[in-house]
Amino acid sequence: MKFVLIKKKWIIFPILCLGIAFVWFMLTPSAIETGGQLTSQADENEFTINMVTGEFKSETEDGEEIESYRWDPGTIVIPKGEPVKLSIYGVNGKEHPFIIEGTDITGTVKKGEETLLNLQFNEAGIYRLICTTHESIDKNGPMIAYLVVE
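Residues numbered from 1 in each chain as written. Predicted model: local features only at pLDDT ≥ 70, side-chain atom pairs only at ≥ 80, totals over all residues. Heavy atoms only, no water.

K.L.:
Explanation requested: the pairing of strand E11 (residues 144-149) in the structure shown.
P.N.:
Two faces, one strand: in a regular strand the side chains alternate between the faces of the sheet. Burial analysis of E11 places five of its six residues in the buried class, the great majority of the element. Across six bridges, strand E10 (residues 125-131) lies against E11 in antiparallel orientation. In the sheet register, Leu129 faces E11, and the bridge partner there is Ala145. (Buried < 20%, exposed > 50% of the residue type's maximum accessible area, 1.4 Å probe, protein only. Helix = DSSP H or I, 4+ residues; strand = E, 2+ residues; numbered from the N terminus. Pairing = 2+ DSSP bridges.)

K.L.:
When you look at the sheet that holds strand E9 (residues 114-119) in this model, what are you seeing that I'm missing?
P.N.:
Read across the open sheet, the four strands follow the order E4-E3-E6-E9; overall the sheet is mixed. Of all strands in the sheet, those bounded by a partner on one side alone are strand E4 (65-72) and E9. With direction set aside, neighbouring strand axes in the sheet form an average angle of 20 degrees. The pairing of strand E3 (residues 47-59) with strand E6 (residues 84-89) spans six bridges and is classified as parallel. Considered in E6, the bridge of Phe47 is made with Val84. (Axes fitted to C-alpha atoms, helices over the stretch in contact; angles between N-to-C directions.)

K.L.:
Teacher, can you tell me more about the pattern of salt bridges here?
P.N.:
In a structure, side chains of opposite charge can pair up when their charged atoms sit close to one another. Overall, the coordinates contain three salt bridges when judged by the stated rule. Its salt-bridge partner being Arg128, residue Glu101 comes within 2.8 Å of it at the nearest N-O pair. Of this pair, Glu101 sits in the loop between strand E7 (95-100) and strand E8 (106-110) while Arg128 sits in strand E10, and the two are 27 residues apart along the sequence. Notably, a salt bridge pairs Lys139 with Glu135, separated by 3.5 Å at the nearest N-O pair. For Lys139, a relative accessible area of 37% gives the class partly exposed. Since its relative accessible area comes to 39%, Glu135 is described here as partly exposed. (Salt bridge = Lys/Arg side-chain N within 4 Å of Asp/Glu carboxyl O.)

K.L.:
Is there a simple way to think about the packing of aromatic side chains in this case?
P.N.:
Aromatic rings in a pair are described by how distant their centres are and how their planes are angled relative to each other. In this structure the tally under the stated criterion is two aromatic pairs. Ring geometry for Trp71 and Phe98: centres 6.3 Å apart, planes at 90 degrees, overall edge-to-face. Here Phe98 lies in strand E7 and Trp71 lies in strand E4, a separation of 27 residues in the sequence. By relative accessible area, which is 3% here, Trp71 ends up buried. Residue Phe98 is classed as buried on the basis of its relative accessible area of 1%. (Phe/Tyr/Trp six-rings, centres within 6.5 Å; stacked < 30°, edge-to-face > 60°.)

K.L.:
Any chance you could explain a negative patch on the surface here in plain terms?
P.N.:
A cluster of acidic residues, Glu59, Glu61, Asp62, Glu64 and Glu65, forms a negative patch at the surface. Within the element layout of this structure, Asp62 appears in the loop between E3 and E4. (Patch = residues over 30% accessible without salt bridge, like charges linked within 9 Å, V, L, I, M, F, W, Y side chains within 5 Å. Areas by Shrake-Rupley, 256 points an atom, 1.4 Å probe, with all protein chains shown as cover. Lys, Arg positive; Asp, Glu negative; His and termini not counted. Charge placed at Lys NZ, Arg CZ, Asp CG, Glu CD.)

Printed below as a string of structure tokens:
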């Protein structure tokens, strides 16, 4: 009968490797944080952009109140040919009807609500997201965001 002699270091090494692998597995996140939302790894290729409506108010030297509405962020970069989800949350202003210039996309962002748009731009360029209520300075704007497609 033959005996196999195993040295202590040959037992400790595999146990140590298994322990390190277990700790690494437990500490590796199972989700990816993107723009404030938690997305599962199965959805990691989905590109989500989050915007909000905002308002600036001030008073002139003669006491007149002035205000301006904005999209925030005001400029976003979108990869050409890739599907993108644009989430716009209405914070200020009752509603903001909008168009995306150069497309047939229209919609309305309402205060306290999220508006979701599934976009895909196949042509590079700059597309303007324009609130039709606040499209110029005399209408408390311009409320324009620039969608830069590269």
